[in-house]
Amino acid sequence: MDPAELPVPPDFLQQVRFFQGLSEAEAAAVLDAAWPRRVARDGFFFHQHDTATTLYVLRQGQVKLSQLTPEGHQVLLRYVGPGEMFGGIAVLAQSAYPVSAQAVEDSLALAWDGERMARLMERYPRLALNALRLVAARFRELQDRYRELATERVERRVARALLRLARHRGRKVPAGVLIDLPLSRQDLAELTGTTLYTVSRLLSRWDQQGLLHAGRERVLIRTPHELERIAEDLPPSAPLPPAGE
């Protein structure tokens with residue numbers, strides 16, 4: 001890969017979970033096998049059911065992973081930020097991509113084809129161990145999401161989703177924590193398994209109560225501790241004004 005085309009800090013790969021534990025020389029060899037892939041906002045790295053040939057590590061931008069159900073419903077599964085791998089499990093399993101990966105802003109990724117990555121994993125067993133750990137972590141995440149959908153009230157699910165996004169994509173600003181990615185109310189509805197109407201009603205109420213401010217595609221969390229209280233189903237620390245006051 002031409003370093004002039006895609007400058008990559010020497011320690012970048014060691015910060016990516018899939019590549020942690022590699023020596024500098026091993027990381028350099030892995031990086032040398034990659035190439036850059038740029039996708040403009042709203043473009044796709046791959047579509048659901050495409051043959052999985054390439055795995056990616058995001059360098060810049062944001063990517064959302066979504067799935068279309070047999071009934072034709074769109075389900076938003078998660079967002080991918082810089083330093084995260086996507087498409088890898090399907091490639092290593094030699095299957096089709098189970099999701100679509102769409103750039104929500106202009107994005108740049110490192111890419112490896114499956115055959116080349118398989119050879120690297122044979123050469124560096126640490127990669128195989130890391131891949132196994134990533135699969136286990138993703139499975140636990142899916143279990144947690146299923147439990148939330150099956151057992152928790154929608155108010156808790158939406159609060160938990162916002163807090164997760166704040167932890168991974170949040171940026172501290174004077175007024176609170178800004179979820180720094182384009183996040184529509186429809187996106188949040190898909191992410192939490194509810195309707196656009198329900199999400200809009202909840203966000204409007206929380207906005208009026210001063211918990212957050214929901215713009216067209218940005219959410220500012222003003223009082224994270226109150227959102228945490230809702231997520232954990234705890235009693236309010238202080239009475240909140242009723243919606244509309």
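Up top is the structure.
Residues numbered from 1 in each chain as written. Predicted model: local features only at pLDDT ≥ 70, side-chain atom pairs only at ≥ 80, totals over all residues. Heavy atoms only, no water.

## Some remarks on the packing of aromatic side chains
Step number 1: In total, this model carries eight aromatic pairs according to the counting rule given.
Step number 2: Centroid distance Phe19 to Trp112: 5.2 Å. Interplanar angle 45 degrees. Geometry classified as tilted. One end of the pair, Phe19, is in the segment before helix 1 (24–32); the other, Trp112, is in strand 8 (residues 107–113), with 93 residues separating them in the sequence.
Step number 3: Residues Phe46 and Tyr97 carry aromatic rings whose centres are separated by 3.7 Å and whose planes lie at 10 degrees to one another, so their mutual orientation is stacked. Taken together, the residues Phe46 in strand 2 (residues 44–46) and Tyr97 in the loop between helix 2 (88–92) and strand 7 (100–103) connect sequence positions 51 residues apart. For the pair formed by Phe46 and Tyr97, the shared burial category is buried. (Phe/Tyr/Trp six-rings, centres within 6.5 Å; stacked < 30°, edge-to-face > 60°. Helix = DSSP H or I, 4+ residues; strand = E, 2+ residues; numbered from the N terminus. Buried < 20%, exposed > 50% of the residue type's maximum accessible area, 1.4 Å probe, protein only.)

## Section: the nonpolar core
Step number 1: Counting 42 residues, the largest nonpolar core has Phe18, Phe19, Phe45, Phe86, Trp112 and Leu127 as the members making the most contacts within it.
Step number 2: If we skip the residues at most four places from it in the chain, Phe45 touches Arg37, Val39, Tyr56, Leu58, Val63, Phe86, Ala101, Ser107 and Ala109.
Step number 3: Leu183, Ala189, Leu203 and Ala214 belong to the second-largest nonpolar core, a separate cluster that totals 29 residues. (Core = buried A, V, L, I, M, F, W, Y, C linked by side-chain atoms within 4.5 Å. Contact = heavy atoms within 4.5 Å.)

## With respect to the packing of helix 5 (residues 154–169) against helix 8 (residues 224–231)
The description of two helices packed together rests on the angle between their axes and the distance between the axes.
Step number 1: Their axes nearest at 8 Å, the elements helix 5 and helix 8 cross at an angle of 135 degrees. Between helix 5 and helix 8, the interaxial angle falls into the category oblique. Considering only the axes of helix 5 and helix 8, their crossing is left-handed. Taken together, the residues of helix 8 that come into contact with helix 5 (itself represented by Glu155, Arg156, Ala159, Arg160, Leu162 and Leu163) are Pro224, Leu227, Glu228, Ile230 and Ala231.
Step number 2: The residue inventory of the contact of helix 5 with helix 8, partitioned by class, reads seven nonpolar, no polar and four charged. (Axes fitted to C-alpha atoms, helices over the stretch in contact; angles between N-to-C directions. Parallel < 35°, antiparallel > 145°, perpendicular 65-115°, else oblique. Left-handed = near helix turned anticlockwise from the far one by under 90°. Nonpolar A, V, L, I, M, F, W, Y, C, P; charged D, E, K, R; others polar.)

## A look at the sheet that holds strand 8
Step number 1: Pairing is antiparallel in the open sheet, where four strands are placed in the order 1-8-3-6. At either end of the open sheet lies a strand with only one pairing partner, and these are strand 1 (35–39) and strand 6 (85–86).
Step number 2: Pairing geometry for strand 3 (residues 54–60) and strand 8, over six bridges, is antiparallel. Looking across to strand 8, one finds that Tyr56 is bridged to Ala111.
Step number 3: Along the sheet, helix 3 (residues 114–123) contacts strand 3 and strand 8; its crossing angle with strand 8, the most-contacted strand, is approximately 70 degrees. (Pairing = 2+ DSSP bridges.)

## Comments concerning the pattern of salt bridges
Step number 1: Tallied over the entire structure, the rule returns eleven salt bridges.
Step number 2: With its nearest N and O atoms 3.2 Å apart, the salt bridge here joins Asp180 to Arg171.
Step number 3: Assessed through its relative accessible area of 28%, Asp180 is described here as partly exposed.
Step number 4: Residue Arg171 is classed as partly exposed on the basis of its relative accessible area of 40%.
Step number 5: Linking Arg229 and Glu226 is a salt bridge whose minimum nitrogen-to-oxygen distance equals 2.8 Å. (Salt bridge = Lys/Arg side-chain N within 4 Å of Asp/Glu carboxyl O.)

## Thoughts on the side chain of Arg156
Step number 1: Following the sequence through the fold, Arg156 ends up in helix 5.
Step number 2: With sequence-adjacent residues up to four places away left out, Arg156 is seen in contact with Ile230, Ala231, Glu232 and Asp233.

## Overview of the environment of Ala90
Step number 1: Considering the arrangement of structural elements, one finds Ala90 in helix 2.
Step number 2: Setting aside chain neighbours within four positions, we find Ala90 in contact with Ala52, Ser95, Ala96, Tyr97 and Pro98.

These figures capture arrangement, not role.
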